[in-house]
There are 2 protein chains.
Amino acid sequence: MGENIKNISKTQIVLAAAKLFKQKGYAASSMRDIAAALNIEAASLYHHIKNKEEILDIICFDMATKFLSAIAEVNDIYFNAEEKLRKAILHHVEIITEDIDKSAVFLREWRSLPESALADFLLLRNQYENEFTRIIENGIEEDVFDNVDKKFAVLSILSSVNWINEWYSADGNMNANEIAHKISDFVMGGLRKKLVTDAHYKA
Amino acid sequence: MGENIKNISKTQIVLAAAKLFKQKGYAASSMRDIAAALNIEAASLYHHIKNKEEILDIICFDMATKFLSAIAEVNDIYFNAEEKLRKAILHHVEIITEDIDKSAVFLREWRSLPESALADFLLLRNQYENEFTRIIENGIEEDVFDNVDKKFAVLSILSSVNWINEWYSADGNMNANEIAHKISDFVMGGLRKKLVTDAHYKA
DNA sequence: CATTTTGTCTAACAATTGTTAGGCAAAAAT
DNA sequence: ATTTTTGCCTAACAATTGTTAGACAAAATG
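How each quantity is defined
- Residues numbered from 1 in each chain as written.
- Chains lettered and ligands numbered in written order.
- Predicted model: local features only at pLDDT ≥ 70, side-chain atom pairs only at ≥ 80, totals over all residues.
- Heavy atoms only, no water.
- Phe/Tyr/Trp six-rings, centres within 6.5 Å; stacked < 30°, edge-to-face > 60°.
- Helix = DSSP H or I, 4+ residues; strand = E, 2+ residues; numbered from the N terminus.
- Buried < 20%, exposed > 50% of the residue type's maximum accessible area, 1.4 Å probe, protein only.
- Contact = heavy atoms within 4.5 Å.
- Polar contact = N/O pair within 3.5 Å; in protein donor to acceptor, adjacent residues only side chain to side chain.
- Core = buried A, V, L, I, M, F, W, Y, C linked by side-chain atoms within 4.5 Å.
- Domains from an automatic or database assignment.

Topic: the packing of aromatic side chains
No. 1: Across all of its chains, the model carries 16 aromatic pairs over all chains by this definition.
No. 2: Ring geometry for Tyr128 of chain A and Phe132 of chain A: centres 5.2 Å apart, planes at 75 degrees, overall edge-to-face. Here Tyr128 of chain A and its partner Phe132 of chain A are both found in helix H7 (residues 115-141), four residues apart, which amounts to about one turn of the helix. Note on accessibility: Tyr128 of chain A and Phe132 of chain A belong to one class, buried.
No. 3: Ring centres of Phe152 of chain A and Trp167 of chain B lie 5.9 Å apart, and the angle between their planes is 75 degrees; on these two criteria the pair is classed as edge-to-face. One end of the pair, Phe152 of chain A, is in helix H8 (residues 150-167); the other, Trp167 of chain B, is in helix H8 (residues 150-167), on a second chain.
No. 4: Classification of Phe152 of chain A by relative accessible area gives buried; the value is 9%.
No. 5: You can call Trp167 of chain B partly exposed: its relative accessible area is 30%.

Digging into the environment of Asn51 of chain A
All names here are of chain A.
No. 1: Counting through the fold element by element, Asn51 comes out in the loop between helix H3 (42-45) and helix H4 (52-76).
No. 2: C-alpha of Asn51 to C-alpha of Met31: the two residues are 20 residues apart in sequence and 9.1 Å apart in space.
No. 3: Residues contacting Asn51, with those up to four places away along its chain left out, are Met31 and Tyr46.
No. 4: Within the local environment of Asn51, its side chain forms a polar contact with the backbone nitrogen of Glu54, the two atoms lying 3.0 Å apart.

Concerning the nonpolar core
No. 1: The biggest cluster of nonpolar side chains holds 70 residues, and the ones touching the most others in it are Ile34, Leu85 and Leu191 of chain B.
No. 2: Among the elements that make up this core, the one with the highest residue count is helix H4 (residues 52-76) of chain B (13 residues).
No. 3: Two domains each donate at least three residues to this core, and these are domain 1 (10-45) and domain 2 (52-202) of chain B.
No. 4: Beyond its immediate stretch of four places on either side in the chain, Leu191 of chain B contacts Phe186 of chain A together with Leu85, Ile136, Val144, Phe145, Asp146, Val148, Ala153 and Ile157 of chain B.
No. 5: Among the nonpolar cores identified, the runner-up in size contains 69 residues, and Val74, Leu90 and Phe132 of chain A together with Phe186 of chain B belong to it.

Have a look at this one:
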């Protein structure tokens, strides 16, 4: 091969691209940027991938699959609603913190997917939300959760867990477990059924 | 003037741009796209604005100013911590729902600001977060809120209110007031001091 | 050893980008 | 009535974009 054998893999390309997509966004990251990050020429990328869109596609659907199989697992094994929700949140936080670059792209850049992929993607995202909704419903049936607006609760929870992507850094002093625990505690406060009213009302 | 006198205003440009920036992102929206949305030629835009960056600048800082003056007002007038937080959330939701396009840009596209503006922007955003943190601190001092992780509570709250931008549509069946009320109720559950333990633990 | 495959390269392309220059007619100011 | 200003236009620019074609040498395969 050319005097430079770098043997870049598709995985490396996706990783480097994810890092750039997170920093500058999909549209503002050029193929030449991605190539430069890997010390190769832009044209060489096409030996490994079909086109730029494929990279975004891979990132978005890989992550979607991760999230979906995690929640499927939680819903399969039996836990009561609170345990289920806590596990679901934990897995979610784990997936995000394991790869902040790719999850940033999953959370923000999916809008740049080509139309057909976008439709599929939104289906998956909806499916994920529905699994969470089911957990909340369980909790209400089990009389453990207050009869809250389900859709609302799910969106509040998901937005909270997703937001960690904005400030989490691997070298920080909190791990996924601690983060998940704190979020769960906070969220559970808003969900749990209260037999006796809060201090606020007692006073 | 040329047989076409359209008298486009800077405000119209910003509005049309915001709509596009929300849909396709800043980088993927061209000056020609913006111009086409206003039925003029791209070059004509430069009669009203300095360059593309200025549009993003205006949107981001206009919104930041709105948010900051709203919370300043809340913190000026005396309310107890819970009232303050509820008012702050209400104003936040109002600002978002009043202009979903511009607030989407404020929430997502600020990353594309040129470096110097970006630094200023982040300062304002931090300032806003700090005002919220002060409210939580007040609540803890007043012994109305649980001694939660302040930073965490603020980020959870803000992520929840910001998320409404993703699904809110003006023609939907919820107004800003109802949305703010629901979020506040949910959030307050996680914050309020609990004298007697929850039903869950009583059982 | 001969051949094919693999992974890079250079060079080039057509399209699109943000932006500027200069023209021209209507409206406003003198 | 004349001049200036305003708000648009067409045309063009240099740079950058995603992508393709084709060469070439190392590695793998026969």
